Amino acid sequence: MSKTTNPVRYLVVPTTEAAEAQQSARFGDRTILWGPQSEHLGRASRTAPGLLLVTQVGGSFQHDYPDVKPLLDHGRHLVISSADRPRRRSNNCWRVETLRAGTTVVDVAAPSAARVDPAVAALVAELSPTSYQADLTWFASLPTRHSLSAGFGTAVDFAAARMVALGYGVTRTTVTVGAGTSQNLIGDRPGTGGGGLVLITAHLDSVNQAGGQAASAPGADDNASGSAGVLELGRLLSTRSWRHDVRLILFGGEEQGLFGSKQYVASLPQAERARIRAVLNMDMIASRNTAVPTVLLEGAQVSSGLMTALATAAATYTGLKVETSLNPFASDHVPFINAGIPALLTIEGADSANGHIHTSTDTLNFLDWALSAEILRMNVAALAGWLEPTVTTPRTRPRPAGSVVSWGPGRIDVFAVGMDSATHHKAYDGTWHDFESLGGVVLT
């Protein structure tokens, strides 16, 4: 650790009690105030040589430097004394920089619900926790999904088959990871001619940082939760017709330094970049680390419109507490933002409290299925707005062409006449849905 000069006096207070100060930074419900060492900030104030902001994945910085006591701990973001500055400024898991005055590192979105859209509400209601949990469980059952492992290839094969069954056109691209190679998996579904493109992304790889490439790395939360989320959102969107194109991407090489997303963005022609309306990235969405179920939306100024849409969707269709940050770091939304493309990350709140990521204990035992379902409901509600529906009724309600109809790979519709003489419909798209009434009367 290295020392600096120019000591400051600082004080951490509830944000609601923070008075106007020359220098301050907000971290959700708390604000840190500081000024010259001679400035009076109250009895509880302390001094430090200077203040540094740490942004970390999980508790990675605290794991690497267990003796450093944060002056303010807000999970993904810490404030530390500059006396504790590490020799390295960053790695793939944490970053250290000077804390700037007048910044809102993390904000709390004020709930602002919109009027419920019946079509969006119907789409949100079709989320299948059973389907999502089955895919996540399958991914986490592999010994490892390290980017350079055979297990990663097996996971790509599984996900590709699921995308094809949902009607997506699938391609794979090679990703260079050090001296080895990995893959990106891409699934495309064209819209009806709107010309725009919406991306839904996650990294498929897992890692055991201490154990190495061959060590057990189930990666249930990091990031089977996000990868299964891509498949579940892809399933939901395949049941409707949209103006704009949908693209699902599962990246490789994320844990080694965002290789999959960096190389994908670098390969995009300018015309393709220009038509991207939104990039929704999911990384760790299934561990509840707070008393109130919380999601962090992380992006940059270019992402502000997306953040507003997601926060509104959360307030309208979920019970989530939403925090926001314009301090992007260490996930696959960052290369898009660096290229000026609107992108953001959805991640569980207070992810640093999850001490299991990047280890052999990132297993199903520590997941909260209700939290992941809420985050997925928020995401699909926002996606509906970005993609723009072209019809107001689900495509999963076809006209009967017989008592049993198969109209696509892995899709079956069953029609029956109920006791009320009306037609009823039951659908299978990887999981069975409850009967719905189509109305009408069948005469005999």
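See the structure printed just above.
Residues numbered from 1 in each chain as written. Predicted model: local features only at pLDDT ≥ 70, side-chain atom pairs only at ≥ 80, totals over all residues. Heavy atoms only, no water.

Caption draft 1: Highlighting the overall build of the protein. The helix and strand inventory of the protein stands at 10 helices and 21 strands. The burial tally for the protein puts 52% of its 444 residues in the buried class. Residue pairs in contact within the protein that sit at least 24 positions apart in sequence constitute 75% of those at least 6 positions apart. Total accessible area on the protein is roughly 18,500 Å²; 53% of this is exposed by carbon and sulfur atoms. (Helix = DSSP H or I, 4+ residues; strand = E, 2+ residues; numbered from the N terminus. Buried < 20%, exposed > 50% of the residue type's maximum accessible area, 1.4 Å probe, protein only. Contact = heavy atoms within 4.5 Å. Areas by Shrake-Rupley, 256 points an atom, 1.4 Å probe, with all protein chains shown as cover.)

Caption draft 2: Representation of unusual backbone geometry. D222 connects to N223 through a cis peptide bond whose omega is 10°. Assignment of secondary structure puts N223 in helix 5 (residues 220-237). Phi angles above zero are rare outside glycine, and M284 is one such case at about 70°. When you line up the elements, M284 lands in the loop between strand 14 (276-282) and strand 15 (294-298). Even without a glycine there, the phi angle at H358 is positive, about 65°. Take H358: it is sitting in the loop between strand 17 (343-348) and helix 10 (369-387). Looking at H358, the relative accessible area reads 10%, which means it is buried.

Caption draft 3: The sheet that holds strand 6 (residues 72-74), seen in detail. Taken together, 4 strands build an open sheet; the order of strands is 6-7-5-8 and the sheet is antiparallel. Looking along the sheet, the strands with just one partner apiece sit at the ends: strand 6 and strand 8 (94-98). The average angle at which neighbouring strand axes cross in this sheet is 25°, direction not considered. As paired elements, strand 6 and strand 7 (residues 77-81) share 3 bridges and run antiparallel to each other. What sits directly across from L72, in strand 7, is V79. (Pairing = 2+ DSSP bridges. Axes fitted to C-alpha atoms, helices over the stretch in contact; angles between N-to-C directions.)

Caption draft 4: Expanded view of the pattern of salt bridges. A complete count under the given rule lists 16 salt bridges for this structure. Between D351 and R76 there is a salt bridge whose closest N-O contact spans 4.0 Å. Linking D351 in the loop between strand 17 and helix 10 with R76 in the loop between strand 6 and strand 7, this pair joins segments that are 275 residues apart in sequence. You'll find D351 and R76 in the same group, each marked buried. One salt bridge in this structure joins E272 and R275, with 3.0 Å as the shortest N-O distance. Looking at E272, the relative accessible area reads 17%, which means it is buried. For R275, a relative accessible area of 23% corresponds to the partly exposed category. Three or more residues joined by partner-sharing salt bridges are found here, namely D188, D245, R247, E272 and R275. (Salt bridge = Lys/Arg side-chain N within 4 Å of Asp/Glu carboxyl O.)

Caption draft 5: Seen up close, the pairing of strand 2 (residues 23-27). Pairing of strand 2 with strand 3 (residues 30-36) involves 5 bridges; the strand directions are antiparallel. What sits directly across from R26, in strand 3, is T31. Where strand 2 folds back on strand 3, the antiparallel hairpin that results is connected by 2 residues, among which G28 adopts a positive phi of roughly 65°. Where strand 2 and strand 9 (residues 103-108) come together, 3 bridges link them in parallel fashion.

Caption draft 6: Quick peek at the side chain of T55. Summarising the element assignment, T55 is placed in strand 5 (residues 51-56). At 2.8 Å, the side chain of T55 forms a polar contact with the side chain of N327. Excluding its chain neighbours within four sequence positions, the residues that come into contact with T55 are R76, H77, C93, W94, R95, E97, N327 and F329. (Polar contact = N/O pair within 3.5 Å; in protein donor to acceptor, adjacent residues only side chain to side chain.)

Caption draft 7: Representation of helix 5 in the model. With 18 residues, helix 5 extends 24 Å from end C-alpha to end C-alpha; this agrees with the ideal 26 Å at 1.5 Å per step. Of all 18 residues in helix 5, 18 are buried; the element is thus mostly enclosed. (Expected span 1.5 Å × (residues − 1).)

Caption draft 8: The packing of helix 3 (residues 129-141) against helix 10, seen in detail. Taken N-terminus to C-terminus, the directions of helix 3 and helix 10 make an angle of 115°; their axes are 11 Å apart at the nearest point. What the angle tells us is that helix 3 and helix 10 run roughly perpendicular. At the point where helix 3 passes helix 10, the crossing takes the right-handed sense. Judged by residue contacts, Y132, Q133, L136 and T137 of helix 3 engage W369, S372 and L376 from helix 10. Per-class residue counts for the contact of helix 3 with helix 10 are 4 nonpolar, 3 polar and no charged. (Parallel < 35°, antiparallel > 145°, perpendicular 65-115°, else oblique. Left-handed = near helix turned anticlockwise from the far one by under 90°. Nonpolar A, V, L, I, M, F, W, Y, C, P; charged D, E, K, R; others polar.)

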